[in-house]
Amino acid sequence: MNRKKFLQTSLGILIGSQAFSKPKNKRKLCFNTLACPDWSLREVLENAKKYGYKAVEIRGIKGDVDILNSPEFAPSRIGDIRKMSEDFGVKILNLNSSVVLHEYEPEKKTKNLDTAKRYIDLAQQLDCPFVRVFPDKFPKEKSKEFALDTIKSNYETLIDYCKGTKVKVLLDAHGDLVWSEDLLKMMQGFDKKHVGIIWDFFNMHLITKESPQKMYETLKSYIEIVQIKDGYFKPNNTYEYTLTGKGEVPINEILGIIEGDKYKGFISFEWEKRWHPELPNPEVALPSFVDYIQKQF
């Protein structure tokens, strides 16, 4: 082989090797509309595209926390919403309801389940894969076993309702059901086709002090969305939120764990501006999250 051909061949091998070994950012980013309580749906989708997000979780639009009451989600608007989502290239990933599954008194139980069913119907119409519900509280007048049985029974009702749809009902680690082993027991025995978990390390660790590794290893078979927020854990189960990377949440460890397991789902940024108006505006928080994630590569 002459020198010229040798150099060409060597350079080709080197370039090919570098192209093959270069890490690719396959993380799909999403944010929750808690971050932007003053935005219309169009503004949500437009800014999601602008900042580099591929999907959104809908937790209220403007003054309506319950989007079933929002004019923007009226039945006549479904076609427009789907087209707008497609035009901006931003998926509506999850409809976040306020439904709780711990209610056992007939009237309250029926009200919550009926609301969840309406969210499932809306998700199916929007081609949205997920509806979020809360497990949520263990009634003080009842045993823990009773509470878990009630939550599981109500969850099963919603799973049955999902049959024939493409919708999964996701449990958000919230309230009293935050221990990873309790969540695992809740999920076991159900067909995975319509069930899943939103892994919110912050909410869980605030109470349980479990490590990211413990949580993930226990729940990974059911995790559909990894939810990230940063801040400081304070005494008596209190907390203070910060911009991404400014608090003590082990975000890099969480990212490393899911990367190592080849997690293919969305990473969702939860910025609770709706509940904490003193927090920085979405125009600051949303691009800050994307910038932080991108710098981890």
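It should be noted that the structure appears before, not after, this text.
Residues numbered from 1 in each chain as written. Predicted model: local features only at pLDDT ≥ 70, side-chain atom pairs only at ≥ 80, totals over all residues. Heavy atoms only, no water.

## With respect to the environment of Thr244
Then, in step 1: Locating Thr244 in the fold gives a position in the loop between strand S9 (238-242) and helix H9 (251-260).
Then, in step 2: Setting aside residues up to four positions removed in sequence, Thr244 forms contacts with Asp230, Ile251, Phe269, Phe289 and Tyr292. (Helix = DSSP H or I, 4+ residues; strand = E, 2+ residues; numbered from the N terminus. Contact = heavy atoms within 4.5 Å.)

## Things to note about helix H3 (residues 78-88)
Then, in step 1: Ile78, Ile81, Met84, Ser85 and Phe88 are the residues of H3 that are buried. Down the axis, H3 shows its buried residues gathered within 125° of arc, on one side only.
Then, in step 2: One or two steps after H3, the chain reaches Gly89, where phi turns positive at roughly 70°. (Buried < 20%, exposed > 50% of the residue type's maximum accessible area, 1.4 Å probe, protein only. Arc of directions from axis to C-beta.)

## Some remarks on the pairing of strand S6 (residues 195-200)
For a regular strand, side-chain orientation follows a simple rule: the groups alternate between the two sheet faces.
Then, in step 1: When you tally the buried positions in S6, you get six out of six residues, the bulk of the element.
Then, in step 2: Burial along S6 is two-sided: Val195, Ile197 and Trp199 and Gly196, Ile198 and Asp200, pointing in opposite directions, are all buried.
Then, in step 3: One ladder, built from four bridges, connects strand S5 (residues 168-172) with S6; its direction is parallel. Residue pairing in the sheet places Leu170 in a bridge with Gly196 of S6.
Then, in step 4: Assessed by its sense of winding, the connection that carries the chain from S5 through helix H6 (residues 180-187) to S6 is right-handed.
Then, in step 5: Note: S6 against strand S7 (residues 223-228), four bridges, orientation parallel. (Pairing = 2+ DSSP bridges. Right-handed = clockwise from strand over helix to strand, strands pointing away.)

## Looking at the pattern of salt bridges
Pairing of side chains with opposite charge becomes possible as their charged atoms draw close.
Then, in step 1: Within the structure shown, the criterion is met by 14 salt bridges.
Then, in step 2: The partner of Glu270 in a salt bridge is Lys229, with the nearest N and O atoms 2.4 Å apart. Placement of the pair is Glu270 in the loop between strand S10 (266-269) and helix H10 (282-294) and Lys229 in the loop between S7 and strand S8 (230-234), with a sequence separation of 41 residues. In terms of burial, Glu270 and Lys229 fall into one category: buried. (Salt bridge = Lys/Arg side-chain N within 4 Å of Asp/Glu carboxyl O.)

## Some words on unusual backbone geometry
Then, in step 1: For Lys62, which is not glycine, the phi torsion reads 55° and is therefore positive.
Then, in step 2: Along the chain, Lys62 falls in the loop between strand S2 (55-58) and H3.
Then, in step 3: Accessibility expressed as a relative area gives 40% for Lys62, which makes it partly exposed.
Then, in step 4: Residue Lys209 is not a glycine yet carries a positive backbone phi of 60°.
Then, in step 5: Residue position: Lys209 is located in the loop between helix H7 (201-208) and helix H8 (212-219).

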